Amino acid sequence: MLFSTLVASALALASTAAAAPSPQGYGKSDSLYKAMRSRGRSFIGTALTIRDNEPAEPKIIKQDFNSITPENAQKWESTEPSRGNFTLADSDRYVQYAKNNGLQIHCHNLVWHSQLPAWVTDGKFDNRTLIQVMEEHIKVLAGRYRGQCTRWDVVNEALNEDGTYRESVWYNTIGEAYLPIAFRLAAKYDKHAELFYNDYNLEYNNAKTEGAKRIVKLIKSYGVKINGVGYQAHLASEATPTAPGAAPDQKTLEAALRATADLGVDVVYTEIDLRMNTPATPEKLAVQAAAYERVAKSCLAVKRCIGMTVWGISDKYSWIPGVFAGEGAALIWDENYNKKPAYKGFLKGIVGR
Ligand SMILES: *[C@@H]1O[C@H](CO)[C@@H](O)[C@H](O)[C@H]1NC(C)=O
Ligand SMILES: *[C@@H]1O[C@H](CO)[C@@H](O)[C@H](O)[C@H]1NC(C)=O
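Residues numbered from 1 in each chain as written. Chains lettered and ligands numbered in written order. Predicted model: local features only at pLDDT ≥ 70, side-chain atom pairs only at ≥ 80, totals over all residues. Heavy atoms only, no water.

In the nomenclature of an unreviewed UniProt entry, the chain corresponds to Beta-xylanase from the organism Lentithecium fluviatile CBS 122367. According to its UniProt record, the chain has this under Pathway (unreviewed entry): "Glycan degradation; xylan degradation." Its UniProt record, at the heading Catalytic activity (unreviewed entry), says of the chain: "Endohydrolysis of (1->4)-beta-D-xylosidic linkages in xylans." (UniProt positions renumbered as here; feature names shortened; annotations may be inferred.)

Draft legend 1. Representation of the site of ligand 2. Around ligand 2, the neighbouring residues are N127, I131, T173, I174, A177 and I181. At 2.4 Å from an oxygen atom of ligand 2 is found a side-chain nitrogen or oxygen belonging to N127. In the environment of ligand 2, a nitrogen atom lies 2.8 Å from a nitrogen or oxygen atom belonging to the backbone of I174. Contact with the protein chains removes 42% of the 360 Å² of surface that ligand 2 exposes when unbound. Contributions of two or more residues to the shell around ligand 2 are made by α7 (127–144) and α8 (169–174). When its residues are assigned to classes, the shell around ligand 2 shows four nonpolar, two polar and no charged. (Near = heavy atom within 4 Å. Polar contact = N/O pair within 3.5 Å; in protein donor to acceptor, adjacent residues only side chain to side chain. Areas by Shrake-Rupley, 256 points an atom, 1.4 Å probe, with all protein chains shown as cover. Helix = DSSP H or I, 4+ residues; strand = E, 2+ residues; numbered from the N terminus. Nonpolar A, V, L, I, M, F, W, Y, C, P; charged D, E, K, R; others polar.)

Draft legend 2. Molecular detail of the site of ligand 1. In the neighbourhood of ligand 1, the contacting residues comprise P81, S82, N85 and T87. For ligand 1, an oxygen atom lies 2.3 Å from a polar atom in the side chain of N85. Taking 360 Å² as the accessible area of ligand 1 by itself, protein coverage stands at 27%. The class makeup of the residues in the shell around ligand 1 is one nonpolar, three polar and no charged.

Draft legend 3. Representation of unusual backbone geometry. The amide bond that connects H108 to the next residue, N109, takes the cis arrangement and shows omega of -5°. Assignment of secondary structure puts N109 in strand β3 (residues 104–111). Although it is not a glycine, E157 sits at a positive phi angle of roughly 60°. With respect to the secondary-structure elements, E157 resides in the loop between β4 (151–156) and α8. Residue class for E157 comes out buried when judged on its relative accessible area of 10%. Residue Y337 is not a glycine yet carries a positive backbone phi of 65°. Relative to the helices and strands, Y337 is located in the loop between β10 (327–328) and α14 (341–351). (Buried < 20%, exposed > 50% of the residue type's maximum accessible area, 1.4 Å probe, protein only.)

Draft legend 4. Looking closely at the confidence of the model for the chain. Per-residue pLDDT for the chain has a mean of 94; in total, 93% of the residues score no lower than 70. Throughout residues 1–21 the model reports pLDDT below 50, and contacts reaching past four residues in sequence, or to other chains, amount to 31 contacts. (pLDDT = per-residue confidence, 0-100. Contact = heavy atoms within 4.5 Å.)

Draft legend 5. Region of interest: the state of the cysteines. This structure, assessed with the given rule, holds two disulfides. Residue pairing for C107: its cysteine sulfur links by disulfide to C149, the two sulfurs lying 2.1 Å apart. Judged by the torsion about the S-S bond (-85°), the C107/C149 disulfide is left-handed. One end of the pair, C107, is in strand β3; the other, C149, is in the loop between α7 and β4, with 42 residues separating them in the sequence. Each disulfide of the chain joins two cysteines, and with those cysteines numbered along the sequence the arrangement is 1-2, 3-4. (Disulfide = S-S within 2.5 Å.)

Draft legend 6. Local environment of the pairing of β4. Within β4, six of the six residues are buried, which leaves the element mostly enclosed by the surrounding structure. Inspection of the sheet shows β4 paired to strand β5 (residues 194–199) by five bridges, in the parallel sense. Each bridged residue has a counterpart across the sheet, and for N156 the counterpart in β5 is N198. (Pairing = 2+ DSSP bridges.)

Draft legend 7. Just helix α12 (residues 282–301), in detail. Spanning 20 residues, α12 covers 28 Å between terminal C-alpha atoms, matching the ideal 28 Å at 1.5 Å per step. Those residues of α12 not exposed but buried are K284, L285, Q288, A289, A291, Y292, E293, V295, A296, S298, C299 and L300. (Expected span 1.5 Å × (residues − 1).)

Draft legend 8. A look at helix α11 (residues 250–261). Along its twelve residues, α11 runs 16 Å from first to last C-alpha, staying within 8% of the 16 Å computed at 1.5 Å per residue. All of the buried residues along α11 are L253, E254, A256, L257, A259, T260 and A261. Those residues of α11 that are buried are in contact with α10 (207–221), β6 (228–231), β8 (266–277), α12 and β9 (305–310).

Draft legend 9. Local environment of the UniProt feature "domain: GH10" (unreviewed entry) in the chain. UniProt tags residues 26–349 as "domain: GH10" (unreviewed entry). Secondary structure within residues 26–349 divides into 41% helix and 18% strand; the distance between the first and last C-alpha atoms comes to 15 Å.

Draft legend 10. Structural context of the pairing of strand β2 (residues 67–70). Covered by surrounding structure in β2 are S67 and T69 together with I68 and P70, the residues of both alternating faces. Taken together, the four bridges between strand β1 (residues 43–48) and β2 define a ladder with parallel strand orientation. Bridge assignment links G45 to a residue of β2, and that residue is S67. Crossover β1 to β2 through helix α3 (residues 56–64) is right-handed. Strand direction decides the pairing type here: β2 and β3, joined by two bridges, are parallel. (Right-handed = clockwise from strand over helix to strand, strands pointing away.)

Draft legend 11. View of the packing of α12 against α14. Between α12 and α14, whose axes approach to 7 Å, the crossing angle comes to 25°. Taken as axis vectors, α12 and α14 run roughly parallel relative to one another. Where α12 crosses over α14, the two elements pack in a sense that is right-handed. Facing α12, whose interface residues are L285, Q288, A289, Y292, E293, A296, K297 and L300, α14 presents P341, A342, G345, F346, K348, G349 and I350. Here the residues of the contact of α12 with α14 are counted per class, giving nine nonpolar, three polar and three charged. (Axes fitted to C-alpha atoms, helices over the stretch in contact; angles between N-to-C directions. Parallel < 35°, antiparallel > 145°, perpendicular 65-115°, else oblique. Left-handed = near helix turned anticlockwise from the far one by under 90°.)

Below, the structure written as structure tokens:
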């Protein structure tokens, strides 16, 4: 009954009315973001694809989240499918959704090698022209939502696993200067948004984490603003075929966050999901809950960790089974929108006792 104590303190801190815990041990007025705010941090978010057929989702968002990240709507292929042809109706809906519901919005993303249309990838633009293409895109996206995006992922996934630069059209044409150039342009068209570099597998405090440090220093060396680093945290909660090592221990997670935070930027977990080999069993769900707890604890242990976003609400729509065969059940609500033990683990890690 350690947990009922924890919930009670979370509720007290959040100064919401205490409700009797449900039979599964979840209190009706549990709220991830209120617990996070009570710890002096900024947000708990979810990736969002707006669906009209899932009435549970807006209720969960209202109760547990104060930030959203549009899952796909702002990616280049969705927003500029051909040069100068900006298709922003869908993206607009997310910004409006955040506004209507008083939520932060983590806008995602401006410059990435993936979900990038062929007209950019195969356009054979020279350096100057590609920078122009980048500016046209950032001008329209960042400019349109100026003052409305809480944060922007300015550059996404620029690194290889060994910490070297990924050979994308951006890097191959412009060189590493594409990073500071992108950040400079984002700041030019939206002075208000916090500007983030975002990548996966930075959580192991290894060569790739070193690469992220190099990027922060590079951008700063150009005299350009960077506010933070996003650690995606697409991790496995147990050993799986695609991740022989399960999610790092708490010390490693903290050290990884501090690696860039110590350079004077904020850090955020931007896309948390902790997959397992399916089907889920009570044992695996308990292992997963412990992994969620230590991810949350690692954030709370680092002063500059301002928030955390999970990459979706329900396992029903998670991207994991479609990409990692035989793996899934990575989120904190199951396919029927019931809270999993992972919810409790995550909340416990946020509350911190
Ligand atoms: C813009 O892109 C959309 C989506 O691909 C397409 O349907 C439309 O015809 C394009 N418009 C122009 C003017 O190219
Ligand atoms: C491309 O142009 C930018 C801006 O002038 C410059 O910083 C960068 O080094 C150039 N890249 C190459 C490969 O010439």
